[in-house]
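Observations on the model geometry
Residues per chain are reported as follows:
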Amino acid sequence: INNAPAFFDAFHGNYHLQIGSPCIDAGNNSYVTNLTYLDGNPRVVGGMVDIGAYEFQGKVRYVSLSSTNPIAPYSDWSIAATNIQDAVDAASGGDTVLVTNGVYATGGRPQADSGTNRVTLTKAITLKSANGPAVTFIVGSQVAGTGLALTNAVRCVQIGNAVLSGFTLTNGEAGTFNYPNGGGVNGSGGGTVTNCVLIGNLSTNGVGGGAYRTT
């Protein structure tokens, strides 16, 4: 292949393939000697083996603000989720959550100390926009004051071993004492952020107004 293989997270040693990888269905079945690959799943999916150690298994979950019929697991634009967290919750490891244009300022997941993340990524998935950060926004919520009052603040994204690509993250705030860092995105569990714009985020009681502990 001539293009980058689009591994899930090569920096952290995760060589699963992302959706759209040029390695998918690009191998030669005559070289297949095992029915399963390293994860124990089928070695050949879709008729042709993938290049690499892992066969792409993932599905796509869709998100659109204009969806009028959201039905889990959001496997088509016609039944897309209307907030990102719903689709993330419906995804499994290796899946892609694909988000179309819009300002996503609702939904989320509370933290242990009552602060909230607009999106919490705890699975090994890819969350990406369809058309890039100029038209796709994840918006947190900032509140006035200091100390415990800031448990009402909303961070844009909390990321674990996942990939976040193609969003503008704005107006996020990390203000709580237990999770005070990274108002735009907090990568306390690792994670890769790419092709994103971080603007207008803050951390009141910690560090990293824009981002903290991500690649």
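Each remark here, short or long, concerns the structure printed above.
The notes below deal with the structure included here. (Residues numbered from 1 in each chain as written. Predicted model: local features only at pLDDT ≥ 70, side-chain atom pairs only at ≥ 80, totals over all residues. Heavy atoms only, no water.)

Relative to the helices and strands, Tyr54 resides in the loop between β2 (14–17) and β3 (60–63). We classify Tyr54 as buried; its relative accessible area is 16%. Along the backbone, Tyr54 and Gly40 are 14 residues apart, and their C-alpha atoms lie at a distance of 9.7 Å. Those residues in contact with Tyr54 that sit more than four places away from it in its chain are Tyr15, His16, Leu17, Tyr37, Leu38, Asp39 and Arg43. (Helix = DSSP H or I, 4+ residues; strand = E, 2+ residues; numbered from the N terminus. Buried < 20%, exposed > 50% of the residue type's maximum accessible area, 1.4 Å probe, protein only. Contact = heavy atoms within 4.5 Å.)

Let's shift gears to the sheet that holds strand β7 (residues 116–121). Spatial ordering of the open sheet is given by β6-β7-β10-β14-β18, a layout of five strands whose pairing is mixed. Single-partner strands in this sheet number two, and they are β6 (109–110) and β18 (211–212). Across two bridges, the pairing between β6 and β7 is antiparallel. Paired with Arg109 across the strands is Asn117, a residue of β7. (Pairing = 2+ DSSP bridges.)

This part takes up the nonpolar core. Ile84, Val97, Leu121, Leu127 and Val157 are the most contacted members of the largest nonpolar core, which has 24 residues in total. Where this core is concerned, the elements lending two or more residues are α1 (84–90), β4 (96–99), β7 and β10 (154–159). (Core = buried A, V, L, I, M, F, W, Y, C linked by side-chain atoms within 4.5 Å.)

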